[in-house]
Amino acid sequence: MGILSVFGGGGVSFNAATDIPSLAGKVILVTGGNSGLGKEAILALAKYGSPALIWLAARSAERARAAIDDITKAAPGVVIKALDLDLSSFDSIKAAARRVLAESDRLDILMLNAGIMATPAGLTKEGYEIQFGTNHVGHALLTKLLLPLLQKTLPVNPDVRIIVISSVGHQLCPTGGILFDTLKTTQEQVNSLTRYGQSKLANLLFAAELARRYPQIKSVSVHPGPVNTNLAKPFVESNRVLGGLIKVVASAAFNTPANGAKGQIWAATAPSEAVINGEYYTPVGKLNGGTALSKDAGLAAKLWEWTEKELEGQTV
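All chains use their own residue numbering, which begins from 1 and follows the written sequence. A pLDDT threshold of at least 70 governs which residues receive local features in this predicted model, and a stricter bar of 80 or more applies before side-chain atom pairs are shown or counted, although totals over entire chains, interfaces and linings include all residues. Derived side-chain values reflect all non-hydrogen atoms in the structure, with water molecules and hydrogen atoms excluded from consideration.

If you check an unreviewed UniProt entry, the chain appears there as Oxidoreductase from Lasiosphaeria hispida. UniProt positions are given in the numbering used here, feature names are shortened, and annotations may be inferred rather than shown by experiment. UniProt's Sequence similarities (unreviewed entry) comment on the chain is quoted here verbatim: "Belongs to the short-chain dehydrogenases/reductases (SDR) family."

A. Spotlight on helix α6 (residues 130-153). Elements are defined by DSSP. Helices are runs of H or I of four residues or more, strands are runs of E of two residues or more, and each kind is numbered from the N terminus. A helix is expected to reach a length of 1.5 Å times the quantity of its residues less one. A rise of 1.5 Å per residue sets the reference length of α6, with its 24 residues, at 34 Å; its end C-alpha atoms lie 33 Å apart and thus fit the reference within 8%. Three labels apply to residues, based on accessible area from a 1.4 Å probe with only protein chains included: buried if under 20% of the type maximum, exposed if over 50%, partly exposed otherwise in between. For α6, the tally of buried residues reaches 20 of 24 residues, placing the bulk of the element in the interior. A 3.5 Å cut-off defines polar contacts: any pair of N or O atoms within that distance qualifies, except that in protein one atom must be a possible hydrogen donor and the other a possible acceptor, and neighbouring residues in sequence count only when both atoms are side-chain atoms. For α6, the side-chain oxygen to backbone nitrogen distance between the N-cap and Gln131 is 3.2 Å, and the N-cap itself is Glu129.

B. Inspection of the confidence of the model for the chain at higher detail. Each residue carries a pLDDT score, the predictor's own confidence in it, on a scale running from 0 to 100. For the chain, mean pLDDT is 91; residues scoring 70 or higher make up 88% of the total. When pLDDT is averaged over each helix and strand of the chain, the minimum, 40, is found for helix α1 (residues 3-7) and the maximum, 99, for strand β4 (residues 109-112). Overall, residues 1-8 carries pLDDT values under 50, and its contacts beyond four positions in sequence, including any with other chains, amount to 14 contacts. Here, residues are in contact when the closest pair of their heavy atoms is within 4.5 Å. Within the model, pLDDT remains below 50 along residues 242-253, and this stretch shows 10 contacts once partners closer than five positions in the same chain are excluded.

C. Structural detail: the sheet that holds strand β2 (residues 53-58). Two strands qualify as a pair provided DSSP detects at least 2 bridges between them. Read across the sheet, 8 strands follow the order β3-β2-β1-β4-β5-β6-β7-β8 without closing on themselves; strand pairing throughout is mixed. Strands at the two margins of the open sheet, each flanked by one partner only, are β3 (79-84) and β8 (286-288). Mean inter-strand twist for the sheet, computed between neighbouring axes without regard to direction, equals 25°. In this structure, strand β5 (residues 161-165) lies alongside strand β6 (residues 218-222), joined through 5 bridges in parallel fashion. Across the sheet, the residue bridging to Ile162 is Ser219, located in β6. The convention used is that axes are lines fitted to C-alpha atoms, helices contributing only their stretch in contact, and that angles between N-to-C directions extend from 0 to 180 degrees. Strands in contact with helix α3 (residues 36-49) are β1 (27-31), β2, β3 and β4; relative to β2, the strand with the most contacts, it is inclined by about 170°. Strands in contact with helix α7 (residues 192-213) are β4, β5, β6 and β7 (280-282); relative to β6, the strand with the most contacts, it is inclined by about 160°.

D. Main features of the packing of α6 against helix α12 (residues 297-310). Between α6 and α12, the shortest axis-to-axis distance is 11 Å and the interhelical angle comes to 75°. With respect to each other, α6 and α12 are oriented roughly perpendicular. Side by side, α6 and α12 meet where Phe132, His136, Val137, Ala140 and Lys144 of the first sit next to Leu303, Trp306, Thr307 and Glu308 of the second. Three classes are used: nonpolar for Ala, Val, Leu, Ile, Met, Phe, Trp, Tyr, Cys and Pro, charged for Asp, Glu, Lys and Arg, and polar for all others, with Gly counted as polar. Class assignment of the residues belonging to the contact of α6 with α12 gives a composition of 5 nonpolar, 2 polar and 2 charged. Each angle gets one of four labels, with under 35 degrees taken as roughly parallel, over 145 as roughly antiparallel, 65 to 115 as roughly perpendicular, and the rest as oblique.

E. Geometry of the nonpolar core. As used here, the term nonpolar core means buried Ala, Val, Leu, Ile, Met, Phe, Trp, Tyr and Cys residues forming a set that is joined through side-chain atoms within 4.5 Å. Counting 49 residues, the largest nonpolar core has Leu29 and Ile178 as the members making the most contacts within it. Elements that contribute at least two residues to this core include exactly β1, β2, α5 (90-103), β4, α6, β5, α7 and α12. When neighbours within four sequence positions are excluded, Ile178 is seen to be in contact with Phe132, Leu183, Gln198, Leu201, Ala202, Leu205 and Leu303. With 37 residues, the next largest nonpolar core counts Val78, Val220, Ala261 and Tyr281 among its residues.

F. A look at the pairing of β5. Among the 5 residues that make up β5, 5 are buried, leaving the element largely enclosed by the rest of the structure. Burial along β5 is two-sided: Arg161, Ile163 and Ile165 facing one way and Ile162 and Val164 facing the other are all buried. Orient the strands so they point away from the viewer; a crossover is then right-handed if the path from the first strand over the helix to the second runs clockwise. For the crossover from β5 across α7 to β6, the handedness is right-handed.

Shown next, in the form of structure tokens:
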């Protein structure tokens, strides 16, 4: 993985304060909104776009409320609702979707931002490898359940968008991309970063396949660049030497969450003609071809079909 692919370069100039258009009347949902990139994205969208409602989805109700308190100090006129959401639990995802469908008559922007990275081997409540199950399967179920609301919004806003936060880390995926046969195991024989890469490749492929199957909705994936957040905390804590080095580099060279969130904010709010459906972007707004695996339409279709089969019968 070349250094330029990690740190990015080029792209478009983007200033949230001047470039976010009015979002009046719009409803936005951001997963993982209580900290890091998600919180910064909500802050910018609320402060400069003034949408009608933002759903801040998070696992911790206490942290969600604290984040809302912080954000509303800067954007007091925007309604922000905490949404309990644990992406490793189908029951939690369905409960969250039911609440959104009951309390919102539209959904203009769905930002699939939450994620975990390089965690110890484990399983979600439904038995999927923990990173793949959280980063991909959980978001796929949430999207599936909210698609009717996204489609319902099209007559009043033809520019509905789904923003999927992927990563250049998709390059760390295993040979062949996705180990379908063992996704319902802990995959302990696979390095934790490789499992992370697999989940991030799935995010990228999911956005591309969403665009192919639902072309009326604009779906793109975004790599935020190297950002100093707590995402890598499990890896840092379990790898003392390399983790310590990562902490030093992160504090010295990585973007702040406010700067790191610019890519996903741009993707959510830039003029429609500037954002190409199904594509993958690096910071900020830079079209990126990705890898051969990330552009493999056959693999994207296989992932979609596998996911649909796993989510059969999951309704609100």
